[in-house]
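Survey of secondary and tertiary structure
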Amino acid sequence: MQAFLLRCVFLWATLPRSNMQIAVPATVLNCCEGDILLLLDSSGSLANYEFSRLLHFTAELLRPFSLGRGHVRVGLLQVGTTPNLKFDLDVHSSQESLQTALQSVSHLQGDTNTVAALKVAQRLLTEKNVPKVLLWLTDGVEPGDVDKPMTELKAQGVSVLIISTVHGNYQVLQRVVTPPLESHLYSVDIDNIDIITEDLREAIIKIIRAERLSVVHLTSHSAVLQWRPILRADSGYYELWYNSILNTEPESRRTLSGDSSWVELTNLQPDTTYTASLRPESNHRLFNTLSVDFTTLPDVLSPAVVSVSDSGPHQIRVSWGPLQLARVQRYTVEYGAIPSGHVQTVTLDSHKNSTLLTGLEPGAQYLVTVSALHMNGKEIAMSVRACTQEALPALADLQLTPVGRQEVQVAWQAHQEGLKGYWLNWERENTHRSSSKSSVYLSAASQSTRLTHLAPSSRVCVSPVYSSGLGDGLCCTAESHTDSSQWG
């Protein structure tokens, strides 16, 4: 008995720490609007350990949801000899408050009077225009005559979901749960209850996901609207209309297929407030019209961003954005070494958003200015400073000495400061007199190597590798003749 009590105490002692470590899935935050009433069996048929495990499971199940009116409201009703409303639906508007309350719930013991608790649940779950869920957590022992009150709850629009700790009256639970059984009724061993957390949460989300029209992406000239899909391709369609609030443009209307869940509105005016409405049309039932207001972003004229990459001793690549094909006539790139270098100009069409500047001085700082000539005659410019890399020492010497047919001894010399190694490249002769390119990396201590099976007239190149990049290499051609091989 003492070991059993210690097990329960340890579980609750570790609960706050595990709460702190579990991340909230971003996809669940602000996803839903509805009421969840927990019907928790707190009678004597449950062991203290089972009761504490159910509370811990419930805390983790509900942790990701945003709470309060307009989001998810949670209430807790305990089943015992008499029902005990631990907290009503409007009490908790933050996860911190809810989690603290769940940790303070005590085990009532006593009889399993589920019918009396369900009568209280009927009075609590009366909120209109929001989905309602009754989540019954029970061992299933002596559930009582729950068929009638459960039927009445479902007639109120309440979805009944059930978790049973395996040794209950499964036939009764099957009758009263809201279909589908595979996602709304779970019979699980209490020690393995955590394995159903994600599946049960997803089942709840499907019921209470908010049927609101929301803006998920916004630019200065476009907006992407998204909504909870409530139709199918064969069961109806959506009517969409939108306009600026000041009615500066004619109203736009579109018809969307029943399997749609998002739409992109284009050709909008920048920094303008719009109102959009979406009405599901179906022969099966009437749906509410969903609406949303949004304001497009202020106009961004290219170039708004200029960046530099691929820097080398003699080159840099400059890129810019955003690319605005319909609004820009051409781009001009001006660049010159600071402080008084000669300024050079490159003109590019509106389809380009980068260019490689070559023939630059090594180890120099350049001022690069990108200008865009817009269709309306306005010119926008942005400048950036860029530095070329220091010139790396080239290979000092390269010699090829023939040592046999299709074999050569390669020797070289390089500046040693900062040297990491060498890259060798050559053409190797394969079977059927075909050739392929080969390469090898050698350490800085190497100054020669022997190459075999060289292809006729193979080009042998050696390049020094320094800590800051690749230096200029040297190449020699190996020439072969009919009678003998000569290399030079």
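These notes cover the structure that comes with them. All values derive from a computational prediction rather than experimental measurement. (Residues numbered from 1 in each chain as written. Predicted model: local features only at pLDDT ≥ 70, side-chain atom pairs only at ≥ 80, totals over all residues. Heavy atoms only, no water.)

**What about the pairing of strand S23 (residues 419–429)?**
- Here S23 pairs with strand S26 (residues 459–466) via six bridges, running antiparallel. When the bridges of S26 are listed, Gly421 appears paired with Val465.
- Here S23 pairs with strand S24 (residues 435–443) via nine bridges, running antiparallel. Bridge pairing in S24 links Trp423 to Tyr441.
- Taking the residues that link successive antiparallel strands as the turn, the S23-S24 hairpin has five residues, and the phi of His432 there is positive, at about 60°. (Pairing = 2+ DSSP bridges. Helix = DSSP H or I, 4+ residues; strand = E, 2+ residues; numbered from the N terminus.)

**Things to note about helix H3 (residues 95–103)**
- Restricting attention to buried positions, one finds in H3 the residues Gln95, Leu98, Gln99, Ala101 and Leu102. End-on, the buried residues of H3 take up no more than an arc of 160°, which puts them together on one face. (Buried < 20%, exposed > 50% of the residue type's maximum accessible area, 1.4 Å probe, protein only. Arc of directions from axis to C-beta.)

**Some words on the environment of Gln95**
- Along the polypeptide, Gln95 turns up in helix H3.
- Each residue touching Gln95, except ones within four places of it in the same chain, is listed here: Leu62, Arg63, Pro64, Phe65 and Leu67.
- A distance of 2.8 Å separates a polar atom in the side chain of Gln95 from the backbone oxygen of Leu62. (Contact = heavy atoms within 4.5 Å. Polar contact = N/O pair within 3.5 Å; in protein donor to acceptor, adjacent residues only side chain to side chain.)

**Some points on the environment of Lys132**
- Structurally, Lys132 is set in strand S4 (residues 132–138).
- Of the residues examined, Lys132 reaches a relative accessible area of 7% and is grouped as buried.
- The contact partners of Lys132, leaving out residues within four places of it in the chain, are Asp35, Leu125, Thr126, Glu127, Gln156, Gly157, Val158 and Ser159.
- One polar contact links the side chain of Lys132 to the main-chain carbonyl oxygen of Glu127, over a distance of 3.0 Å.
- At 3.5 Å, the side chain of Lys132 and the backbone oxygen of Val130 are in polar contact.

**Description of the pattern of salt bridges**
- Summed over all chains, the structure comprises 15 salt bridges.
- As a salt-bridge pair, Arg53 and Asp194 come within 3.6 Å of each other at their nearest N and O atoms. Of this pair, Arg53 sits in helix H2 (residues 48–62) while Asp194 sits in the loop between strand S6 (185–187) and helix H8 (197–208); the two residues are 141 residues apart in sequence, bridging distant segments of the chain.
- The buried category is assigned to Arg53, whose relative accessible area is 9%. (Salt bridge = Lys/Arg side-chain N within 4 Å of Asp/Glu carboxyl O.)

**With respect to the nonpolar core**
- Of all hydrophobic cores here, the largest spans 40 residues; its most connected members are Phe65, Ile163, Leu200 and Ile208.
- Secondary structure elements with two or more residues in this core: strand S1 (34–41), H2, strand S2 (72–79), H3, S4, strand S5 (158–164) and H8.
- Top contributing element to this core by residue count: H2, with eight residues.
- Look past the residues within four positions of Ile163 in its chain and what remains in contact with it is Phe57, Leu135, Trp136, Leu137, Thr138, Tyr186, Val188, Ile193, Ile196 and Leu200.
- Counting residues in each nonpolar core, the second largest holds 24 residues, with Leu77, Leu89, Val158 and Val177 among its members. (Core = buried A, V, L, I, M, F, W, Y, C linked by side-chain atoms within 4.5 Å.)

**Looking at a nonpolar patch on the surface**
- A cluster of nonpolar side chains, namely Trp423, Tyr441 and Leu470, defines an oily patch on the protein surface of about 310 Å² accessible area.
- Relative to the helices and strands, Trp423 resides in strand S23. (Patch = residues over 30% accessible without salt bridge, like charges linked within 9 Å, V, L, I, M, F, W, Y side chains within 5 Å. Areas by Shrake-Rupley, 256 points an atom, 1.4 Å probe, with all protein chains shown as cover.)

**A word on the state of the cysteines**
- Considering all chains together, one arrives at one disulfide under this definition.
- Two residues, Cys461 and Cys475, share a disulfide whose sulfurs are 2.0 Å apart. Taking the torsion about the S-S bond as the criterion, the Cys461 to Cys475 disulfide, at about 115°, is right-handed. A residue pair is termed long-range when its members are at least 10 positions apart, and Cys461 in strand S26 and Cys475 in strand S28 (residues 474–480) qualify at 14 residues.
- You can call Cys461 buried: its relative accessible area is 16%.
- Looking at Cys475, the relative accessible area reads 34%, which means it is partly exposed.
- Here Cys476 stays unpaired: no disulfide links it, and the sulfur of Cys475, its closest cysteine neighbor, is 7.7 Å away.
- Judged by relative accessible area, Cys476 falls into the buried class, the value being 18%. (Disulfide = S-S within 2.5 Å.)

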